[in-house]
Amino acid sequence: LILRQLAAEIEGIVYEQQEQNEVHSEQAANLHNAVNRDELKVFWQPICDPGSLSPVGHEALVRWLRSDGTFSLPDSFMPLAARSGTITKIDRYVLKHSCAKAALHAGGRFVSVNISSAWFGLKWPALAGVVAKTLTTTGLAPGRLVIELAEGVLARNPSRVKQEMEKLKALGVRVALDRLGGGESAFSYFEGYPFDIYKLSRSITSGLGVSVGAEAAAYATIRVAHSLGRVTYAVGVENRDQLAFLRDEACDLVQGDFIAPPGREWRPYD
Ligand code: C2E
Ligand code: MG
Ligand code: MG
């Protein structure tokens, strides 16, 4: 175990040297300035009760709207942001904006923020400290914030991830495991980590109604989560059949274009 932790840490150091050695391309500089130029916008996708479809929370999803009118989705610029070191700046911006937005809405809905694996390298500030400060400055109740960590985060620096998770939970913030693939390995993520929420990935949701493997993975994940007192959300619900499957199997909350795509405002307004 110690060897594995050391290996993960060395991997972290190598990764950061690569980041420092990276010649910053023009695009990387543009992205870095985009935050200051106010070109990054947060869109909100409702996370809903599978029965009533009323929103219980919103996931914050960043978009890049350039002054020339062009629009980029995160998958096209977040990898560059990760290589050039801009990613934690973007995450901080989204976190602050999300907490402020949620604090404005009296309705009590939660806001769910994606956090990059870069936060768990050695040179970055501790995530929980930044979150605590943001909650204080925005006045948001900790119970209304969810931090989403993608499955890949756990491979990078597991001891640091666990430390930060414990601190976040002590603050009263919930932590979600995002992009859960449903593979065999996924079950270690239940025992080893105290995630509050497990988010079934779009690849699982899209297989509902067409792949027995995807259905079995969804079914099993929901049951394992519930037996341990955890909850599951499904991402990427695109049709009535997927929604019906998730509702029948008691998936706790659902999110997807069939219910509501990401938009500029919280809906319905409150
Ligand atoms: P994610 O966290 O898994 O977010 C869900 C993605 O699925 C979003 O893509 C959302 O727009 C998309 N989606 C939701 N419903 C549907 C559907 O019914 N059909 C389809 N085809 N897609 C659907 P998006 O906004 O392009 O974001 C991609 C990924 O970028 C996110 O995946 C997340 O990992 C990352 N990301 C987004 N915002 C941030 C951020 O502020 N910080 C960090 N570190 N990552 C972010
Ligand atoms: Mg997410
Ligand atoms: Mg997700």
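- Under the annotation held in an unreviewed UniProt entry, the protein carries the name EAL domain-containing protein and is attributed to Lichenicoccus roseus.

Regarding the coordination of the magnesium ion (ligand 2)
Put simply, the ideal angle at a metal is 109.5 degrees for four donors in tetrahedral geometry and 90 or 180 degrees for six donors in octahedral geometry.
Here is step 1: Coordination sphere of the magnesium ion (ligand 2), protein contribution only: Glu59 (OE), Asn114 (OD1), Glu148 (OE) and Asp178 (OD), at 2.0 to 2.3 Å.
Here is step 2: Positions of the donor residues of the magnesium ion (ligand 2), expressed as sequence spacing, correspond to E-x54-N-x33-E-x29-D.
Here is step 3: In this structure, the magnesium ion (ligand 2) lies 3.2 Å from the magnesium ion (ligand 3), and both are coordinated by Asp178. With Glu59 in strand β2 (residues 55-65) and Asp178 in strand β6 (residues 174-180), this residue pair connects regions lying 119 residues apart in the sequence. There is no split in this pair, since Glu59 and Asp178 are both buried.

Observations concerning the environment of Val56
Here is step 1: By the element assignment, Val56 lies in strand β2.
Here is step 2: For Val56, a relative accessible area of 33% translates into the label partly exposed.
Here is step 3: The sequence separation of Val56 and Phe110 amounts to 54 residues, and the corresponding C-alpha distance is 6.7 Å.
Here is step 4: Setting aside residues up to four positions removed in sequence, Val56 forms contacts with Ile47, Cys48, Asp49, Arg109, Phe110 and Leu253.

About the cut-offs
Residues numbered from 1 in each chain as written. Chains lettered and ligands numbered in written order. Predicted model: local features only at pLDDT ≥ 70, side-chain atom pairs only at ≥ 80, totals over all residues. Heavy atoms only, no water. Donors = N, O, S within 2.8 Å, 3.2 Å for Na, K, Ca; no water. Helix = DSSP H or I, 4+ residues; strand = E, 2+ residues; numbered from the N terminus. Buried < 20%, exposed > 50% of the residue type's maximum accessible area, 1.4 Å probe, protein only. Contact = heavy atoms within 4.5 Å.

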